[in-house]
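Architecture and fold: a report
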Amino acid sequence: MYWNPGAEKTPIKDLREIQERKLKALVHNVYYYSPFYRKKFREAGINPWDIEGLKDLKKLPFTKKPDLRDNYPFGMFAMPLSQIVRFHASSGTTGKPTVVGYTDNDIKVWVESMCRSLTACSVERDDTIQISYGYGLFTGGLGFHYAGEKLGATVLPTSAGNTQRQIELMRDLKSTVFACTPSYMLYLSEYAASIGISIENDTDLRMGIFGAEPWSEETRKRIEDKAGIDAYDVYGTSELSGPLFTECTEKNGIHIWADQFIAEIVDEEGEPVGEGEKGELVVTTIAKEAMPLIRWKTGDITVLEEEKCACGRTHPRIMRIMGRADDMLIVRGVNVFPSQIEHVLMQVPEAGDHYMIILDRAQDGLDVMTIQVEVNEEAFSDKVSDILELSKKISNNLKSVLNVSARVEVVNPGTLQRFEGKAKRVIDNRKL
Ligand code: DLL
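Reading guide: rules and limits
- Residues numbered from 1 in each chain as written.
- Predicted model: local features only at pLDDT ≥ 70, side-chain atom pairs only at ≥ 80, totals over all residues.
- Heavy atoms only, no water.
- Near = heavy atom within 4 Å.
- Polar contact = N/O pair within 3.5 Å; in protein donor to acceptor, adjacent residues only side chain to side chain.
- Areas by Shrake-Rupley, 256 points an atom, 1.4 Å probe, with all protein chains shown as cover.
- Helix = DSSP H or I, 4+ residues; strand = E, 2+ residues; numbered from the N terminus.
- Nonpolar A, V, L, I, M, F, W, Y, C, P; charged D, E, K, R; others polar.
- Pairing = 2+ DSSP bridges.
- Axes fitted to C-alpha atoms, helices over the stretch in contact; angles between N-to-C directions.
- Contact = heavy atoms within 4.5 Å.
- Salt bridge = Lys/Arg side-chain N within 4 Å of Asp/Glu carboxyl O.
- Buried < 20%, exposed > 50% of the residue type's maximum accessible area, 1.4 Å probe, protein only.

Remarks on the site of the ligand
By nearness alone, 21 residues border the ligand, and Asp 233, Val 234, Ser 238, Asp 300 and Lys 422 come closest of all. Taking Pro 214, its main chain carries an N or O atom lying 3.5 Å from a nitrogen atom of the ligand. With respect to the ligand, the side chain of Asp 233 contributes an N or O atom lying 2.8 Å from a nitrogen atom. Notes on the ligand: free accessible area 620 Å², of which the protein chains cover 92%. Residue assignment for the shell around the ligand shows that the elements contributing at least two residues are α6 (139-151), β7 (230-237), β8 (242-246) and β12 (296-305). Tallying contributions element by element places β7 first for the shell around the ligand, with five residues. Counted by class, the shell around the ligand contains eight nonpolar, eight polar and five charged residues.

Below, the structure is given as structure tokens:
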């Protein structure tokens, strides 16, 4: 099923033409209407007429998080405030908050993107979508909400938290689709089991759309097995609008709508990588009005696949996000993403779904990584020897797969922290 078959199956050659045209219009637009970009272009010695097409994209400067913070609140806008119909803002826990403004048309573009995405992962009019992403300044709740309604599905805007009530409403109102972070889905399934409810047998849930944080293929399997549902990945960032893109039913990458966004992958020096190579996702918004972004450095590490998908959609796909460049851990000289650690942990059948990674610096100056992981209920044992054996097994797996040395502490089920929104599983005491 397609939401907008004409757009979703546009021949790749035509998509390029659309991108060329929109990119040229964008650079002129921001040069004249965004003081921020005019200054940036002038500093980089760029005249909008120099950009003749996609081949010149790499001449354009990147836009980075500090640009948004330094120009808080309206300095990045290319439209007067009278045209803005909504704001979203980041919480600002890691610095000054960032604010994103939307024109009426920006909201329409966002809704169009999510309608295509939800349809691609099989959401239909008959579905009831329980949206358990936060509503409010966070983009998750409202991003799903408007598209769900536009599709003609029934929306259940529970927002985040209050797990008991989420389960009650899921049963009573017969939700078929659940949208939340993957870590919350794991918690919700566990909570349901603890009060004697099986998501698989006692609810109508058939699928979930999970994102807003890194998660691994193994976690997908666990969610699918535990809850008896189909699990899909959804990606987006507040700066680009919010949740925007999902996998299609082929589950082989997340489609990026190329008539609205140009995706590139660059290396650490900012140079485009070769086809199929891993690097940072950089996105240019070619359909946004209020706060268009040129070469936005998302910080997210992935691979871009440009081949047409078996689903018939011609738009490129990004593979599962490995993590953020700034979340990569360097432990005794070995680079590792928390999602890679998760992948190894979740392959161990005795390991539960919840873990924490703690980094310290020992007196001798060396890094010490401690991984706390819950044992699952079935494998739970009082015998110290069993626990030690499991720790050793996990630590050996981490060494052989990722070449990282870690102290593994196996802890009792239910002892580690649970999260209602984005999980925070890394505590890095080395930065203190
Ligand atoms: O998390 C928007 C969103 C809401 C996406 C609901 C999906 C669902 P921010 O709070 O700005 O926006 O965080 C964006 O979250 O740069 C990634 O690092 C991470 N992220 C988002 N989706 C995924 C995903 C929303 N599917 C940041 N896999 C991004 C891995 C993800 N990381």
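Some words on the sheet that holds strand β17 (residues 351-361)
Read across the sheet, four strands follow the order β19-β18-β17-β20 without closing on themselves; strand pairing throughout is mixed. The strands lining the two open edges of the sheet, one partner per strand, are β19 (407-411) and β20 (426-428). On average, adjacent strands in this sheet sit at an angle of 15° to one another, irrespective of strand direction. When β17 meets β20, the two strands line up parallel, connected through three bridges. What sits directly across from Ile 357, in β20, is Val 426. Where helix α12 (residues 384-402) meets the sheet, it contacts β18 (367-375) and β19, and its direction lies at approximately 140° from that of β19.

Looking at the pattern of salt bridges
Taken as a whole and judged by the stated rule, the model has 34 salt bridges. Note that Arg 206 and Asp 127 form a salt bridge whose closest N and O atoms lie 2.8 Å from each other. With Arg 206 in the loop between α9 (199-202) and β6 (207-211) and Asp 127 in the loop between α5 (104-120) and β3 (128-131), this pair connects stretches of sequence that are 79 residues apart. Close ionic contact of Glu 264 with Arg 295 constitutes a salt bridge, the shortest N to O distance being 2.8 Å. Linking Glu 264 in strand β10 (residues 261-266) with Arg 295 in the loop between β11 (278-285) and β12, this pair joins segments that are 31 residues apart in sequence. The burial state of Glu 264 is the same as that of Arg 295; both residues are buried. Among the ionic contacts, a cluster of salt bridges with common partners joins Glu 217, Arg 220, Asp 233, Glu 247 and Arg 320.

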